[in-house]
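# Structure assessment
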Amino acid sequence: MTGSIPVITVNQRGAARLRGGHVWVYRSDLAAEAPPGALVHVRDERRKRLGSALYSSSSQIAIRLLSSEEITEEALPGLLRARIAGAIEFRRQTARDTDSYRVMFSEADLLPGLIVDKYNDVLAMQALTQAFDRDELRQVVLDSLSEHFPDASVLERVDAHIRKLEELPARDSQLLRGERSSTIFTLNGVRFHFDGLSGQKTGAFLDQRENYAAAARYAHGEALDVFTYQGGFALHLARACQSVTAVDSSRPALEVAEQNEQLNRAQHSCGEIEWTEANAFDLLKDYATAGRQYGTIVLDPPAFAKTRRTVSTALRGYKELNLRALKMLRPGGILVTCSCSFHVSEAEFLEMLGAAAGDAGRRLRILEKHGAAQDHPVLLNVPETAYLKCVICQAES
Ligand code: SAH
């Protein structure tokens, strides 16, 4: 039964995409419009049913498929509750020994437009689409979170840029349930501050959780952590290394990193960490020229390629960083090198790394290759869910 649910017809390309298991249809592949955030039924040009989707009237991604069945508005809350329960159950099985993980990851959990991160006893929710900004859907999410995590506070983290893109009214980040908006959380035994509402917001790149632990297994000597943010890798390296130089261009991020260091110093002996505010490109050049040498170097830059068109420029950036780092690695030294650009494929990233090693005159052995932690699942049919690459390698002695 369709009732008053709008029906959207998608062209052949859109239909092929959905039949191939992707969940997005771009605006250029559909004819009709629907109200912002509406539940819609999707059909191909021969009126064959493709399922139910959430519609955005402003995003280029006009349709995000929810189900290959045509569901009613009344059935929507039940479907969402079941998806949320499934996402939580998956983490309960896979995210062990941590109080913090991504509880729901949008498309990867078939909840397109919804992200929830757990930082110990505080849940941070992000509604990224018109649909998940609808009061009834927010209520379903909040009620489910209260049911599954009765003791946790829930806050909403707002990305002003995304609300603008979705043509949603501006809103501040806010506490939705409970009283706590800040807490201390632990990844692999390393403690971090989380504050979801202060001017100086904190949080973590939870997708690197397993990679922090992997890096720490090989780290040794003097270490350099480039693009440290709030010290994610640096604090892990400090447990295994004599000293760590941790670099970022953001002073506020480094201030939180220092506070994180204090949290850990009380409990654990660890190597000295020197927090250094600098542009990574300039600093690597200067350090390489000065002949500095390291046993371990981590490179975890922001996404250099935001679109397919910028991939070649991005690869040049990655190559420059990796080349300079490789020149500073001691024999037997460890390079942990990452890219979170979805548009740069793993094959392109490895090819770049091989070329950088060639130019540096070093042979590199790959020790481990990883993506994001398991609480950031990859849906093979939605390649955008696989974005992070983290390669751990060793320079020959
Ligand atoms: N490794 C971090 C995440 C890094 S995010 C972790 O595991 O938590 C990318 C970081 O790069 C941000 O903190 C940003 O401030 C920093 N950054 C961006 N451009 C930079 C530049 N040119 N030089 C130094 N830092 C930069």
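In what follows, the accompanying structure is described. Worth saying up front: this structure is predicted, and the values here are computed from it rather than measured.

Basis of the calculations
Residues numbered from 1 in each chain as written. Predicted model: local features only at pLDDT ≥ 70, side-chain atom pairs only at ≥ 80, totals over all residues. Heavy atoms only, no water. Near = heavy atom within 4 Å. Polar contact = N/O pair within 3.5 Å; in protein donor to acceptor, adjacent residues only side chain to side chain. Areas by Shrake-Rupley, 256 points an atom, 1.4 Å probe, with all protein chains shown as cover. Nonpolar A, V, L, I, M, F, W, Y, C, P; charged D, E, K, R; others polar. Buried < 20%, exposed > 50% of the residue type's maximum accessible area, 1.4 Å probe, protein only. Helix = DSSP H or I, 4+ residues; strand = E, 2+ residues; numbered from the N terminus. Pairing = 2+ DSSP bridges. Axes fitted to C-alpha atoms, helices over the stretch in contact; angles between N-to-C directions. Contact = heavy atoms within 4.5 Å. Phe/Tyr/Trp six-rings, centres within 6.5 Å; stacked < 30°, edge-to-face > 60°. Parallel < 35°, antiparallel > 145°, perpendicular 65-115°, else oblique. Left-handed = near helix turned anticlockwise from the far one by under 90°. Expected span 1.5 Å × (residues − 1). Arc of directions from axis to C-beta. Right-handed = clockwise from strand over helix to strand, strands pointing away.

## Details of the site of the ligand
- Looking at the ligand, there are 14 residues lining it, with Tyr212, Phe227, Asp248, Ala280 and Asp300 nearest.
- Between the ligand and Asp248, the relevant distance is 2.6 Å, taken from an oxygen atom to a side-chain nitrogen or oxygen of the residue.
- Here a nitrogen atom of the ligand and a backbone polar atom of Ala280 are 2.8 Å apart.
- Isolated, the ligand exposes 580 Å² of accessible area, and the fraction of that covered by the protein chains is 83%.
- Split by residue class, the shell around the ligand holds 8 nonpolar, 4 polar and 2 charged.

## Brief notes about the pairing of strand β5 (residues 61-67)
- β5 sits mainly inside the fold: 7 of its 7 residues count as buried.
- Here strand β2 (residues 24-26) pairs with β5 via 3 bridges, running antiparallel. Considered in β5, the bridge of Tyr26 is made with Ile61.
- The sheet contact formed by strand β4 (residues 49-55) and β5 spans 4 bridges and is antiparallel. Pairing of Ser52 across the sheet is with Ser67, part of β5.
- Counting the residues that bridge the hairpin from β4 to β5 gives 5 residues.

## Quick notes on the sheet that holds strand β10 (residues 174-177)
- Judged by pairing direction, the sheet is mixed, and its 5 strands sit side by side in the order β6-β7-β8-β9-β10 without closing on themselves. Only two strands of the sheet have a single partner each, and these edge strands are β6 (100-105) and β10. Looking at each pair of strands side by side, their axes are set apart by 25 degrees on average, direction ignored.
- The pairing of strand β8 (residues 122-127) with strand β9 (residues 153-156) spans 4 bridges and is classified as parallel. Paired with Met125 across the two strands is Glu156, which belongs to β9.

## Observations regarding the sheet that holds β5
- Ordered in space as β1-β3-β4-β5-β2, the 5 strands form an open sheet in which the pairing is mixed. The two strands at the open ends of the sheet, each matched to only one other strand, are β1 (7-9) and β2. Across the sheet, the axes of successive neighbouring strands diverge by a mean angle of 40 degrees, strand direction being ignored.
- Running over the sheet, helix α1 (residues 12-19) touches β2, β3 (39-43), β4 and β5 and is turned about 165 degrees from β2.
- Each of β3 and β5 is contacted by helix α2 (residues 76-94), which is oriented at about 80 degrees to β5, the strand it contacts most.

## Concerning the environment of Ala386
- Along the chain, the position of Ala386 falls in the loop between β18 (364-370) and β19 (389-395).
- Spatially, the C-alpha atom of Ala386 lies 7.2 Å from that of Gly371, the residues being 15 residues apart in sequence.
- Non-local contacts of Ala386, meaning those with residues more than four positions away in its chain, are made with Phe342 and Val378.

## Some words on the packing of aromatic side chains
- For the structure shown, the criterion picks out 10 aromatic pairs.
- Look at Phe304 and Tyr318: their rings are 4.7 Å apart centre to centre, the planes differ by 40 degrees, and that puts the pair in the tilted class. Pair noted here: Phe304 is in the loop between β16 (294-299) and α10 (311-327) and Tyr318 is in helix α10, with a separation of 14 residues, a long-range link.
- Of the residues examined, Tyr318 reaches a relative accessible area of 1% and is grouped as buried.
- Three or more aromatic residues link up through ring pairs in this structure, and these residues are Tyr119, Phe185, Phe192 and Phe194.

## As for the packing of α2 against helix α4 (residues 135-148)
- Close contact between α2 and α4 brings their axes to 10 Å; oriented N to C, the two are set at 40 degrees. The angle between the axes of α2 and α4 places the two elements in the oblique class. Remark: the crossing between α2 and α4 carries right-handed chirality. Counting all contacts with α2, which are made through Leu76, Pro77, Leu80, Arg81, Ile84, Ala85, Ile88 and Arg92, the residues of α4 involved are Leu137, Val140, Val141, Ser144 and His148.
- Class assignment of the residues belonging to the contact of α2 with α4 gives a composition of 9 nonpolar, 2 polar and 2 charged.

## Overview of α2
- Between its first and last C-alpha atoms α2 spans 27 Å; for 19 residues at 1.5 Å apiece the expected length is 27 Å, and the two agree.
- The complete set of buried residues in α2 reads Leu76, Leu79, Leu80, Arg83, Ile84, Ala87, Ile88, Arg91 and Thr94. Each buried residue of α2 sits inside an arc of 165 degrees when the element is viewed along its axis, so together they form one side.
- Buried residues along α2 sit against β3, β5, β6, α3 (130-133) and α4.

## Comments concerning the pairing of strand β14 (residues 243-248)
- In terms of residue burial, β14 counts as a mostly covered element, since 5 of its 6 residues are buried.
- Bridge count for strand β13 (residues 222-226) against β14 is 5 bridges, and the pairing is parallel. Bridge assignment links Leu224 to a residue of β14, and that residue is Thr245.
- Note that the unit made of β13, helix α7 (residues 232-237) and β14 has a crossover that is right-handed.
- In this sheet, strand β15 (residues 272-277) lies alongside β14 in parallel orientation, the contact comprising 6 bridges. Note that in β15 the partner of Asp248 across the bridge is Glu277.
- Following the chain from β14 across helix α8 (residues 251-265) to the adjacent parallel β15, one finds a crossover that is right-handed.

## Topic: the packing of helix α9 (residues 280-289) against α10
- Where α9 meets α10, the axes come as close as 9 Å, and the angle between the chain directions of the two elements is 30 degrees. It follows that α9 is roughly parallel to α10 by the angle criterion. As α9 packs across α10, the resulting crossing turns out to be left-handed. Packed against α9, whose contacting residues are Phe281, Leu284 and Lys285, the element α10 presents Gly317, Glu320, Leu321 and Arg324 at the interface.
- A per-class count over the contact of α9 with α10 returns 3 nonpolar, 1 polar and 3 charged.

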